[in-house]
Amino acid sequence: MLSYLHGFHAGNFADVQKHSALLLALTMMKAKSSPMACVDTHAGSALYNLTDDRARKTAEADAGIQRLWQCRAALKSADWQPMLAILSELNAPQRPTAPESVSVYPGSPAWFARNLRPGDSFTAFELHPGESDRLTQWAQKQGVNVRHQDGLKGLLHNLPPAQPRLLVLIDPSYEIKAEYTTVAETVIKAWRKCRHGVFLIWYPILANGLERPLLERLEQGEVPKILRSEVRLDQPPERGMIGSGLLVVNPPWGFDTRLQALMADVSGKDRLGLAASMDWLVPE
Ligand code: SAM
């Protein structure tokens, strides 16, 4: 149990999809002045070293954030700027020229923390003891509330939030098959407690289709307005993860068009070797 460590996968193509969508949601929600509560139910670590043994063992970032970094001058969407600016700052502090590659890559808590304003709150849940300890150490300087608890139960316990708006990232490791259904049931319960909340739910697209119960349960459920963004590998493996999916409940107005432009930028073999699609799993 809890054998998953995101350090082996940080900065891969799924992180590029998930974190660019998260930054877009944060950017769009920050455009309004009213405070927001942010919740990261499965936070992992705050910062990953893409040169360490874990990252180099899989080298997944090479086809993800490193590839994006190499072709950054050709990206058409202006919505890459927040991500590129933070990567520049973390990887080349006080240097006039941009680094050739990305060594320090932020996990979701660090992307959230970079976008908080006075009055916003941020709670990060992480159950793995080692990850949670590292996150707690980092959080002490950031004003982030870290909880070493189950993130799905913790989310429900914390809703509705004190702030008028809510942004939640649900990004489990899906080590247990039942998690797909548990996540769907949690989203339904969370939505009942905060119907205007924006929920980002990540899932792997697997060769054996194990993720389908998540989509089927939400498709039949009562939660309206669920956007689905998927990116599939042009050259998928026979087993395991063949793509990355993201559901967005209550996306801000215009989010779909802007996310589509971001995903168009990573599509094709001269980019990240992905094929992107978008539709409404549940319309308004
Ligand atoms: N959200 C991170 C990011 O984007 O950088 C990556 C998170 S990783 C996919 C999933 C994390 O969830 C792992 O660190 C794992 O230890 C943690 N985890 C697993 N089950 C959990 C649970 N029930 N509650 C909270 N965290 C959990």
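Sequence positions are assigned chain by chain, starting from 1 and proceeding in written order. For this predicted model, a pLDDT threshold of at least 70 governs which residues receive local features, and a threshold of 80 or more governs which side-chain atom pairs are given and counted, while totals over whole chains, interfaces and linings are taken from all residues. With hydrogens and water set aside, each side-chain value is computed from the structure's full complement of heavy atoms.

On to the overall build of the chain, then. Looking only at helices and strands, one finds ten helices and ten strands in the chain. Seen through its C-alpha atoms, the chain measures out along the principal axes to roughly 50 × 45 × 40 Å. Looking at the chain residue by residue over its 284 residues, the buried ones come to 54%. Taking all contacts inside the chain whose residues are at least 6 apart in sequence as the whole, residues at least 24 apart take part in 78%. Note on areas: Shrake-Rupley, 1.4 Å probe, and residue coverage restricted to the protein chains presented here. By element, 51% of the accessible surface of the chain is carried by carbon and sulfur atoms, the whole surface being about 13000 Å². Lys and Arg are tallied as positive, Asp and Glu as negative. Neither His nor the chain termini are counted. To locate a charge, take atom NZ for lysine, CZ for arginine, CG for aspartate or CD for glutamate. Between the mean site of the 31 positive side-chain charges and the mean site of the 30 negative ones, the chain shows a separation of 4 Å. Helical segments are the DSSP runs of H or I of at least four residues, strand segments are the runs of E of at least two, and each set is numbered from the N terminus. Any residue under 20% of the maximum accessible area for its type is buried, any over 50% is exposed, and the rest in between are partly exposed; the area is computed with a 1.4 Å probe on protein chains only. Any two residues having at least one pair of non-hydrogen atoms within 4.5 Å are treated as being in contact.

Size it by volume and the largest pocket reaches roughly 1000 Å³. Residue lining of the largest pocket: 46 residues in total, with Tyr 4, Asp 171, Pro 172, Ser 173 and Tyr 174 positioned closest to the centre. Where the lining of the largest pocket is concerned, the elements lending two or more residues are α1 (13–30), α7 (151–157), α8 (179–193) and β7 (198–206). Looking at the lining of the largest pocket element by element, the count peaks at five residues for α1. Counted by class, the lining of the largest pocket contains 23 nonpolar, 14 polar and nine charged residues. Think of a 1 Å grid over the protein atoms and nothing else: a 1.4 Å probe that fits but is trapped marks a cavity, an open set flanked by protein within 12 Å on at least five of seven lines marks a pocket, and residues with an atom within 4 Å of a point count as lining. Grid points are joined across faces, edges and corners, and a volume is the space filled by probe spheres set on the points. Asp, Glu, Lys and Arg are counted as charged, while Ala, Val, Leu, Ile, Met, Phe, Trp, Tyr, Cys and Pro are counted as nonpolar; the rest, among them Gly, fall into the polar class.

A word on the packing of α1 against helix α10 (residues 255–266). Viewed as axis vectors pointing N to C, α1 and α10 meet at an angle of 145°, and their least axial separation amounts to 10 Å. Of the two possible hands of crossing, α1 and α10 adopt the one that is right-handed. Where α1 approaches α10, its residues Val 16, Gln 17, Ser 20, Ala 21, Leu 24, Ala 25, Thr 27 and Met 28 are matched on the opposing element by Phe 255, Arg 258, Leu 259, Leu 262, Met 263 and Val 266. Taken together, the residues of the contact of α1 with α10 sort by class into ten nonpolar, three polar and one charged. Lines fitted to C-alpha atoms define the axes, with helix axes restricted to the stretch in contact, and inter-axis angles between N-to-C directions lie between 0 and 180 degrees. Helix crossings get a hand from a simple test, with the near helix turned counterclockwise from the far one by less than a right angle marking a left-handed crossing and a clockwise turn marking a right-handed one.

Not every one of the 19 residues close to the ligand is listed here, only the nearest: His 19, His 42, Ser 108, Glu 126 and Asp 171. For the purposes of these results, a polar contact is taken to be a pair of N or O atoms within 3.5 Å, where, inside protein, one atom must be able to donate a hydrogen and its partner to accept one; residues adjacent in sequence count only when each atom of the pair is a side-chain atom. In this structure, a nitrogen atom belonging to the ligand sits 3.0 Å away from a side-chain N or O atom of Asp 150. For the ligand, whose unbound accessible area comes to 600 Å², protein coverage reaches 96%. According to the grid-proximity analysis, the pocket containing the ligand is the largest pocket. Partitioned by chemical class, the residues of the shell around the ligand number four nonpolar, eleven polar and four charged. Near is defined per residue: the residue qualifies when any heavy atom it owns lies within 4 Å of the molecule or strand. In this scheme, a molecule is assigned to a cavity or pocket if more than half of its atoms are within 2 Å of the grid points.

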